[in-house]
Amino acid sequence: MSTASKLADLRARLEKAQDPGSERARKRRDDAGQTTPRERIHALLDEGSFVEIGALARTPGDPDAVYSDGVVTGYGRVDGRPVAIYAHDKTVYGGSVGVTFGRKVTEVMEMAIKVGCPVIGIQDSGGARIQDAVTSLAMYSEIARRQLPLSGRSPQISIMLGKSAGGAVYAPVTTDFVVAVDGQSEMYVTGPNVIREVTGEDISSAELGGARIQEQSGNIQAVVATEEEAFDYVRDLLALLPTSAFDDSPVAWAPADEDLDDSELDTFMPDDTNAGYDMRELLAQLGDDDDLVEIQANYAENIICAFGRIDGRTVGFVANNPMHYAGCIDADAADKGARFVRTCDVYNIPLVYVVDTPGYLPGVDQERQGLIHRGAKFAFASVEATVPKVALIVRKAYGGAYAVMGSKNLAGDINLAWPTAQIAVMGSAAAVVMIQGKQLDAIEDPAQREAMKKMFMDFYDETMTSPYVAAERGYIDAMIQPSETRLALRRALRQLSTKYDADLPKKHTISPL
């Protein structure tokens, strides 16, 4: 065969590998308005940066095997920074995992471990390849085994763009961030047909594992409306994260200290200590701009976890949300906060706690959900984190919730407070029951009873919850005017920029369940 013939043969093979699925499978995809895996990769990466590997790979020993084996793999760049990437091809073996599929994915994962860069998986898979039997399970295990050395070393992101089952959901939920498209993404360990056969339960796939359903289960970090928004979210997220745990996060432009004008913050807090307000609006005013990337925005909404920037550098905001459960921390919020704190810690992102919480959420249901150990997990993660930790108390900081929200006693570095702060073991409504309950019950006149109750609560608020009590005892580093907050946060983080905190020698901690 001549050189020209060999070149023509190569071009023909590469052309066939570009969209190797059957005509029927491609038509089904096109009729559904779905994009190809390469289109998805090009939509996410910088233009012209994708370098594919394994385009001509296929199942060994099978003369009818299809190129790619159901996955497109390679390397590219996002905002000029390197990433490893793979995308399932639903038109080839349903995007299921076979031996060549597994080897291609583990190849890019191993390269990411070597060079220290993020791994992005675009998921659209039926799970294990049944006809490959144990080989498919082995490949899933090989992929999972490489997620551990990557975890905490380089960001791992999963973008769910179709129906994924079995191992195709175990692998994504082990990554740092899972992004899904509403109405398009579905996740479940076993699909509705298997459930119907085994248990007799009848449910649609959307009801079983739709994006919103899985979001409420805490399995997804962000649900967006379209594929384009999913890629935008991932780009925004990567812009705030380091390439690896050994690199600094990107630094952005920030206004100079003398150009800060935050006078509006002096009138931000409502006079009524029980009135709600938009905590997200406050966070936008505390950062350099209002560009926040929120994590799990619609899960455990009583706590807000978001990446933003202060002084041009990435920070992780952990803030109570008074519009949901008055900002109480429940079991789900504790899980959400703990995971976010640990994520910030491994990527050396300083934590800024913005505190307005009346405590842990009381109730029989919460106790049965394991609030004790799940609440302790939040505290454990906060103490374990060695990054700079700054707490800003803007209103209520009661009980154990005060302690876990960056307090100095649980390893917080710098604590700031507004004059509107209230710091105590509990709020006045609970305190009046604990301290004056019997005396109030003895008063027969309802009007007199309510008057006495109000008098006690007013006295308690004025004396027992005053932030100056904490300041006098050294638990607050500085009482500041709200209009001074951005500058105070900048100075605190600058002071802590060289913080070094080494743990005692041991293998690892044992976190609460």
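Residues numbered from 1 in each chain as written. Predicted model: local features only at pLDDT ≥ 70, side-chain atom pairs only at ≥ 80, totals over all residues. Heavy atoms only, no water.

The name an unreviewed UniProt entry gives the chain is Acetyl-CoA carboxylase, carboxyltransferase component, with Corynebacterium timonense as the organism. What the UniProt record of the chain gives under Sequence similarities (unreviewed entry) is the line "Belongs to the AccD/PCCB family." (UniProt positions renumbered as here; feature names shortened; annotations may be inferred.)

A.B. asks: Explain the pattern of salt bridges to me, please; I cannot follow it from the model alone.
C.D. replies: It is possible for side chains of opposite charge to pair when their charged atoms get near one another. Within this structure, the stated rule accounts for 31 salt bridges. In this structure, the salt-bridge partner of glutamate 215 is arginine 212, at a minimum N-O distance of 3.0 Å. In this pair, glutamate 215 and arginine 212 are both assigned in helix α9 (residues 211–216), three residues apart and thus about one turn of the helix distant. Looking at glutamate 215, the relative accessible area reads 2%, which means it is buried. Among the salt bridges present, the one from aspartate 257 reaches arginine 490, with a minimum N-O distance of 2.7 Å. Taken together, the positions of aspartate 257 in the loop between α10 (227–238) and α11 (279–286) and arginine 490 in helix α19 (residues 485–495) put the pair 233 residues apart, joining distant regions of the chain. Because the salt bridges share partners, they merge into one network encompassing Asp257, Asp288, Asp311, Arg490 and Arg494. (Salt bridge = Lys/Arg side-chain N within 4 Å of Asp/Glu carboxyl O. Helix = DSSP H or I, 4+ residues; strand = E, 2+ residues; numbered from the N terminus. Buried < 20%, exposed > 50% of the residue type's maximum accessible area, 1.4 Å probe, protein only.)

A.B. asks: Would you explain unusual backbone geometry in this entry?
C.D. replies: Glycine aside, negative phi is the norm for most residues, and most peptide bonds take the trans geometry. Located in the positive-phi region is aspartate 69, a residue other than glycine, with phi close to 60 degrees. Within the secondary structure layout, aspartate 69 lies in the loop between β1 (51–53) and β2 (71–78). Although it is not a glycine, aspartate 79 sits at a positive phi angle of roughly 55 degrees. In this fold, aspartate 79 is placed in the loop between β2 and β3 (81–88).

A.B. asks: Looking at this model, I keep getting lost on the side chain of lysine 396. Mind explaining?
C.D. replies: Along the chain, lysine 396 falls in strand β14 (residues 389–398). Look at lysine 396: it is buried, it has no salt bridge, and the nearest opposite charge is aspartate 356 at 5.8 Å. Within the local environment of lysine 396, its side chain forms a polar contact with the backbone oxygen of threonine 273, the two atoms lying 3.3 Å apart. A distance of 2.7 Å separates polar atoms of two side chains, one belonging to lysine 396 and the other to asparagine 274. Each residue touching lysine 396, except ones within four places of it in the same chain, is listed here: Thr273, Asn274, Val355, Asp356, Thr357, Pro358 and Gln422. (Lys, Arg positive; Asp, Glu negative; His and termini not counted. Polar contact = N/O pair within 3.5 Å; in protein donor to acceptor, adjacent residues only side chain to side chain. Contact = heavy atoms within 4.5 Å.)

A.B. asks: How do you make sense of the packing of aromatic side chains when you look at a structure like this?
C.D. replies: Two aromatic rings, taken as a pair, are described by how far apart their centres are and by the angle between their planes. Applying the stated criterion across every chain, the model contains three aromatic pairs. Note on phenylalanine 177 and phenylalanine 307: the rings are 6.3 Å apart at their centroids and 70 degrees apart in plane angle, and the pair reads as edge-to-face. With phenylalanine 177 in strand β7 (residues 177–181) and phenylalanine 307 in strand β11 (residues 303–310), this pair connects stretches of sequence that are 130 residues apart. Ring geometry for phenylalanine 307 versus phenylalanine 340: centroids 5.0 Å apart, planes at 50 degrees, classification tilted. In this pair, phenylalanine 307 is assigned in strand β11 and phenylalanine 340 in helix α12 (residues 331–346), connecting sequence segments 33 residues apart. We classify phenylalanine 307 as buried; its relative accessible area is 0%. Take phenylalanine 340: its relative accessible area is 4%, and that puts it in the buried class. (Phe/Tyr/Trp six-rings, centres within 6.5 Å; stacked < 30°, edge-to-face > 60°.)

A.B. asks: Sorry, what's going on with the packing of helix α3 (residues 37–44) against α10 here?
C.D. replies: Running from N to C, α3 and α10 point in directions that differ by 45 degrees, and their axes come no closer than 9 Å. Between α3 and α10, the interaxial angle falls into the category oblique. Viewed along their axes, α3 and α10 form a crossing whose handedness is right-handed. Note on element contacts: α10 touches α3 through Glu227, Phe231, Val234 and Arg235, opposite Arg40, Ala43 and Leu44. In terms of residue class, the contact of α3 with α10 is built from four nonpolar, no polar and three charged. (Axes fitted to C-alpha atoms, helices over the stretch in contact; angles between N-to-C directions. Parallel < 35°, antiparallel > 145°, perpendicular 65-115°, else oblique. Left-handed = near helix turned anticlockwise from the far one by under 90°. Nonpolar A, V, L, I, M, F, W, Y, C, P; charged D, E, K, R; others polar.)

A.B. asks: Quick question: what am I supposed to make of the UniProt feature "domain: CoA carboxyltransferase C-terminal" (unreviewed entry) in the chain here?
C.D. replies: When the UniProt feature table is mapped to this numbering, "domain: CoA carboxyltransferase C-terminal" (unreviewed entry) covers residues 255–506. Taken end to end, residues 255–506 comprises 39% helix and 18% strand; its first and last C-alpha atoms sit 43 Å apart.

A.B. asks: Got a minute to help me understand the side chain of threonine 465 in this structure?
C.D. replies: Mapped onto the secondary structure, threonine 465 falls in the loop between α17 (446–463) and α18 (467–472). When sequence neighbours within four positions are dropped, the list of residues in contact with threonine 465 reads Tyr398, Ala421, Gln422, Ile423, Ala424 and Tyr460.

A.B. asks: What am I meant to see in the domain arrangement of the chain here?
C.D. replies: How large an interface is tends to be reported as the accessible area lost when its parts come together. Along its sequence, the chain is carved into domain 1 (3–240), domain 2 (263–426 + 466–496) and domain 3 (428–464). In this structure, domain 2 and domain 3 have C-alpha centres spaced 30 Å apart. At the junction of the two partners, domain 2 supplies seven residues and domain 3 supplies nine residues. Across the contact surface, domain 2 and domain 3 share zero salt bridges. Counting across the interface, domain 2 meets domain 3 through zero residue pairs in polar contact (both at pLDDT 80 or more). At three residues, strand β16 (residues 422–424) tops the list of elements feeding residues into the side of domain 2 that touches domain 3. A class-by-class count of the residues in the side of domain 2 that touches domain 3 yields five nonpolar, two polar and no charged. (Domains from an automatic or database assignment.)

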